[in-house]
Amino acid sequence: MTPLATASLAELRTLLDQHGAPAFRAQQILDWRNKGVVNPEEMRNIPNALREKLAEWCLCDPLTLITRQQSADGTRKYLLQLDQGKCIGKRVECVFIPEPERGTVCISSQVGCTLDCPFCCTGSQPFDGNLAGHEIVAQVLMVMADLRRDPLPVSLSANRVSHIVFMGQGEPMSNEKGVHDTLKTLLDQLNISRRRITLSTSGLVHGITRLGAKYPVNLAISLHAANDALRDQLVPINRTFPLAQLRQVLDNYPLPAQRHITLEYVMLAGVNDREEDIAALARFVNRGRERVNLIHYNPHPASDFTGSSSDHINTFAAALTNRGIRTTVRRSRGDDIAAACGQLNSSTPTAPENAAPA
Ligand code: SAH
Ligand code: SF4
């Protein structure tokens, strides 16, 4: 069955044509889809008979919304269940991060993750499969629909989806097919510019090269350590693709003018926040093309690291800046509902007092 989430105009026209329905309806259907409306019953300018048929011919919505939680800062975390396909019955999470001028959806590409970074909550969840492209795009469409049905106060949110980050559950470069299919739809169908899409990866170098050749979106790298001995521990994929290989691939990643690669660095007290770590970063970072984004460690029960204090993070940031490295500190969003970086784990039951029904 054709998934509606990723269908192109040509595919939908062919489908309608095959069933003897007028092909011009394809554009109308896609206009709805591009606004997040995937339930044919809500497509008001489509005749009833065709709405019913569409539900038979297409896979309209592969996800069921189980719960939605909303943080005090307006961040929304959605727990979703996959209704068909390889991951049937499995659950993933996605997050909407509102800002007055923009709205970012953080999407998941896998159920769990195979890569086992010891500070990450997703890594502690057993890996349960790759999502198909339409299941990843459906997360974005679901958020769009939710914002229309139940907008946030305008002081908190522009109530639209302008940016996408692949920073939810899973390692996107371990699911290249699903992620490439998603990018094709986001860029070609939903018209989200590549400058507004960011993919975060722990550093699977061949996937990064292929991404740059095909879909050169913004790149973020989970660096977390700039020497191999420590990175082998914190980001175990480093044992397969050590820093020298990563360096080469990053230097060749296509970057538009005025853009840079983000090196993500979660601040772990006494582990990677020492003087020698500043020196290692100063040796590793390509100052003209990269910036460092320091992330507050978000604690979760499956890990016993301690985060560096805010004061220490600021001192660390200043030391990097003094060495000519552009450095920012990431503001944590939605941590009161475990929606912040590294806290997503769809095997954890949702706290009922926070849960709002779908
Ligand atoms: N698998 C991809 C994308 C998902 S993780 C990757 O590793 O890049 C998104 C970001 O959150 C990554 O930089 C990741 O290292 C970071 N992260 C993971 N656990 C975290 C935690 N407990 N606190 C803060 N950031 C964390
Ligand atoms: Fe997987 Fe990324 Fe978490 Fe590492 S940080 S376990 S790669 S999701």
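Residues numbered from 1 in each chain as written. Chains lettered and ligands numbered in written order. Predicted model: local features only at pLDDT ≥ 70, side-chain atom pairs only at ≥ 80, totals over all residues. Heavy atoms only, no water.

### Focus on the overall build of the protein chain
Which entries qualify depends on this criterion: Counting from the N terminus, the helices are DSSP H or I runs at least four residues long and the strands are E runs at least two residues long. Every radius of gyration here is taken over C-alpha atoms, with the globule rule written as 2.2 Å times N^0.38, N being the number of residues. For the exposure calls, accessible area comes from a 1.4 Å probe over protein chains only, and a residue counts as buried if that area is under 20% of its type's maximum, exposed if over 50%, partly exposed in between. It only takes one pair of heavy atoms within 4.5 Å for two residues to be counted as in contact. Residue exposure ignores everything except the shown protein chains as possible cover, and the areas themselves are Shrake-Rupley values with a 1.4 Å probe.
A count of helices and strands for the protein chain gives 10 helices and 15 strands. On C-alpha atoms alone, the protein chain measures out to a radius of gyration of 21 Å, which is about the 21 Å that the 2.2 N^0.38 rule sets for 358 residues. The buried share of the protein chain, taken over its 358 residues, is 56%. Put simply, of all contacts in the protein chain between residues at least 6 apart along the chain, 66% involve residues at least 24 apart. By element, 50% of the accessible surface of the protein chain is carried by carbon and sulfur atoms, the whole surface being about 15,400 Å².

### Structural notes on the domain arrangement of the protein chain
The test is simple: Where each domain begins and ends is defined by an automated method or by a domain database. By definition, the buried area sums, over both parts, the 1.4 Å-probe accessible area that each loses when the two are put together. For salt bridges, the criterion is a side-chain nitrogen of Lys or Arg within 4 Å of an Asp or Glu carboxyl oxygen. Here a polar contact is recorded for every N or O atom pair within 3.5 Å, except that within protein the pair must consist of a potential hydrogen donor and a potential acceptor, and residues adjacent in sequence are included only if both atoms are side-chain atoms. The classification used treats Ala, Val, Leu, Ile, Met, Phe, Trp, Tyr, Cys and Pro as nonpolar, Asp, Glu, Lys and Arg as charged, and all other residues, Gly among them, as polar.
In terms of domain boundaries, the protein chain breaks down into domain 1 (2-59) and domain 2 (97-343). Computed from C-alpha atoms alone, the centre-to-centre distance between domain 1 and domain 2 is 34 Å. In this complex, domain 1 contributes 14 residues to the contact, which on the side of domain 2 involves 12 residues. For the domain 1 and domain 2 pair, buried surface summed over both sides reaches about 930 Å², with 59% attributable to carbon and sulfur atoms. It is Ala 5, Thr 6 and Asn 34 in domain 1 that bury the most area against domain 2; as a group they hold 43% of the surface buried on that side. Our count for the contact surface shared by domain 1 and domain 2 stands at 0 salt bridges. Our enumeration of links across domain 1 and domain 2 arrives at 3 residue pairs in polar contact (both at pLDDT 80 or more). Considering every element that reaches the side of domain 1 that touches domain 2, the biggest residue donor is helix H2 (residues 25-34), with 3 residues. Considering only residue class, the side of domain 1 that touches domain 2 consists of 8 nonpolar, 4 polar and 2 charged.

### What about the nonpolar core?
For soluble globular proteins, nonpolar side chains are generally found buried alongside one another. Our working definition: The criterion is simple. A nonpolar core is a set of buried Ala, Val, Leu, Ile, Met, Phe, Trp, Tyr and Cys residues joined through side-chain atoms within 4.5 Å.
Residues Ile 164 and Phe 166 are the most contacted members of the largest nonpolar core, which totals 101 residues. Ranked by the residues each element gives to this core, the list is headed by helix H4 (residues 133-149), at 9 residues. Residue-level mapping places this core at the junction of two domains, with at least three residues from each of domain 1 (2-59) and domain 2 (97-343). The contacts of Ile 164, once residues within four sequence positions are left out, are Val 105, Ile 107, Val 140, Leu 186, Ile 192, Arg 196, Ile 197 and Thr 198. Among the nonpolar cores identified, the runner-up in size contains 6 residues, and Val 95, Ile 97, Cys 106 and Ile 337 belong to it.

### Comments concerning the site of ligand 1
Stated formally: We call a residue near a given molecule or strand whenever any one of its heavy atoms falls within 4 Å of it.
Neighbouring ligand 1 are 22 residues, the closest being Gly 170, Ser 200, Ser 222, His 224 and Asn 298. Here Phe 119 contributes a backbone N or O atom positioned 3.0 Å from a nitrogen atom of ligand 1. Between a nitrogen atom of ligand 1 and a main-chain N or O atom of Asn 298, the distance comes to 3.0 Å. Burial of ligand 1 by the protein amounts to 95% of the accessible area it has alone, namely 530 Å². Elements supplying a minimum of two residues to the shell around ligand 1: strand S10 (197-201), strand S12 (261-267) and strand S13 (290-296).

### Observations concerning the side chain of Arg 231
Threshold: Only four residue types enter the charge count, namely Lys and Arg as positive and Asp and Glu as negative; His and the chain termini do not.
Among the secondary structure elements, Arg 231 is positioned in helix H7 (residues 228-234). One buried charge, Arg 231, has no salt-bridge partner; the nearest side chain with opposite charge is Asp 228, at 6.3 Å. With sequence-adjacent residues up to four places away left out, Arg 231 is seen in contact with Ser 202, Ile 221, Ser 222, Leu 223, Ala 225, Pro 236, Asn 238, Phe 241, Leu 243 and Leu 246.

### As for the packing of H4 against helix H5 (residues 176-188)
Quick note on the threshold: To obtain each axis, a line is fitted to C-alpha atoms, and for helices this fit is confined to the stretch in contact; angles are then taken between N-to-C directions over 0 to 180 degrees. Comment on the angle field: the value is read as roughly parallel under 35 degrees, roughly antiparallel over 145, roughly perpendicular from 65 to 115, and oblique elsewhere. Crossing handedness: left-handed means the near helix sits turned counterclockwise from the far one by under a right angle, and right-handed means the same turn made clockwise.
One can describe the packing of H4 onto H5 by two numbers: an axis separation of 7 Å at closest approach and a directional angle of 45 degrees. Relative to H5, H4 is oriented oblique. Helix-helix and strand crossings are classified by hand; for H4 and H5 the assignment is right-handed. Seen from H4, the contacting residues are Gly 133, Ile 136, Val 137 and Val 140; seen from H5, they are Gly 178, Val 179, Asp 181, Thr 182, Thr 185 and Leu 186. Across the contact of H4 with H5, the residue classes break down as 5 nonpolar, 4 polar and 1 charged.

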